[in-house]
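Residue-level listing of the chains:
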Amino acid sequence: MKNQFSSTPLDEEQVQYYQENGFLWLSNLTDETELEMMRAAYDRIFAEKAGRSEGNEFDLAGADEDDKQAALPQILNPAKYAPELRNTKAEAAARAIAQQLLCADGSEEVQGGPAHAILKPAFHGAITPWHQDEAYWNPQMNYRSISIWMPLQDATLENGCMQFIPQSHKREVLPHQSIGNDPRVHGLEVCQPNDIDFSEAVPCPIPAGGVTLHPGRTLHYAGANNSPGPRRALIFGFSLPAIPRQDDRSFPWNEAKQTARAKRAGTAKATM
Ligand code: NI
């Protein structure tokens, strides 16, 4: 990789690999001092369950009952609760990479920043089942986006690094359902398509402050955390404006959901 702060941080080979396979990994976007600061902020907001009352903190993989330990705690918009997670060196480097991949000539500027945080507690943490991120989004739109997933400690096979199915980004959005087909669960899983060979999955172990990159249609997965330390991941989202589709695509799996998180978000809105 070239200097990640240059206007085209990736070299030609990396750009081609990303475009052909629908994912890429890089070893380092920041330094240990910044990582230490980010870990402290991250641990604080998860300990506080920051954003829970407004539906921004919830269990991605369980029914999200208030009295149970979450299987896969997630916080949306984490920088709202820890402003120090905004405008980091890591974010600047991630933004430059997203800009290069989404609009290298600079005629449009990518928007985004820290989008969410997913914690897999030590010796805990459910798997993140195979899914395409676009399955969560508005089916009426076509997206031009990239997710940049950064672990705040080394990400390994043992603690749940990201895994990808090469070239799956060339598919349309496949049928999904709530995890375990339980509509109380926010998290989605792809309904096992029999034309995809999951043994082709490429695991991407990376060091702390490294990143994996993927667009909204790449099938990805992360294993459980079987290690003695937490697996913290901060996910940056960058995009250009979505483009309305001309067809009537629908995602019935999202209409079927009845999550405690949505109820909390609705109550928070109603009282605002
Ligand atoms: Ni995802």
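Each value, and the rule that gives it
- Residues numbered from 1 in each chain as written.
- Predicted model: local features only at pLDDT ≥ 70, side-chain atom pairs only at ≥ 80, totals over all residues.
- Heavy atoms only, no water.
- Phe/Tyr/Trp six-rings, centres within 6.5 Å; stacked < 30°, edge-to-face > 60°.
- Buried < 20%, exposed > 50% of the residue type's maximum accessible area, 1.4 Å probe, protein only.
- Helix = DSSP H or I, 4+ residues; strand = E, 2+ residues; numbered from the N terminus.
- Donors = N, O, S within 2.8 Å, 3.2 Å for Na, K, Ca; no water.
- Pairing = 2+ DSSP bridges.
- Axes fitted to C-alpha atoms, helices over the stretch in contact; angles between N-to-C directions.
- Contact = heavy atoms within 4.5 Å.
- Salt bridge = Lys/Arg side-chain N within 4 Å of Asp/Glu carboxyl O.

**Concerning the packing of aromatic side chains**
Line of reasoning, step 1. For the structure shown, the criterion picks out ten aromatic pairs.
Line of reasoning, step 2. Residues Y17 and W25 carry aromatic rings whose centres are separated by 6.0 Å and whose planes lie at 85° to one another, so their mutual orientation is edge-to-face.
Line of reasoning, step 3. Judged by relative accessible area, which is 40%, W25 ranks as partly exposed.
Line of reasoning, step 4. Between W130 and F198, the ring centres sit 5.2 Å apart and the planes meet at 50°, which makes this aromatic pair tilted. With W130 in strand β5 (residues 128-131) and F198 in the loop between β9 (188-190) and β10 (202-204), the pair connects residues that are 68 residues apart, well separated along the chain.
Line of reasoning, step 5. Three or more aromatic residues joined by ring pairs make a cluster, and in this case those are Y17, F23, W25 and F164.

**Concerning the coordination of the nickel ion**
Line of reasoning, step 1. Every protein donor of the nickel ion is accounted for by H131 (NE2), D133 (OD) and H220 (NE2), and the metal-donor separations fall at 2.1 Å.
Line of reasoning, step 2. Considered as a linear motif, the donors of the nickel ion on their single chain read H-x1-D-x86-H. Of this pair, H131 sits in strand β5 while H220 is found in strand β12 (residues 220-222), placing the two residues 89 residues apart along the sequence.

**A few points about the sheet that holds strand β11 (residues 211-214)**
Line of reasoning, step 1. The strand order β1-β11-β6-β13-β4-β3-β2 describes an open sheet built from seven strands, whose pairing is antiparallel. Sheet topology places β1 (24-26) and β2 (57-59) at the edges, where each strand pairs with a single neighbour. Each strand of the sheet is rotated relative to its neighbour by a mean of 25°, with strand direction disregarded.
Line of reasoning, step 2. By the bridge criterion, ten bridges tie strand β6 (residues 141-151) to strand β13 (residues 231-244) in an arrangement that is antiparallel. Within β13, the residue paired with I146 across the bridge is F238.
Line of reasoning, step 3. Helix α1 (residues 12-21) rests against β1, β6 and β11 of the sheet, and its axis sits at about 140° to β1.

**Describing the pattern of salt bridges**
Line of reasoning, step 1. Taken as a whole, this structure holds 18 salt bridges when the rule is applied.
Line of reasoning, step 2. Here E134 makes a salt bridge to R249, at a shortest N to O gap of 2.7 Å. Here E134, found in the loop between β5 and β6, pairs with R249, found in the loop between β13 and α4 (252-255); they are 115 residues apart in sequence, far enough to count as distant.

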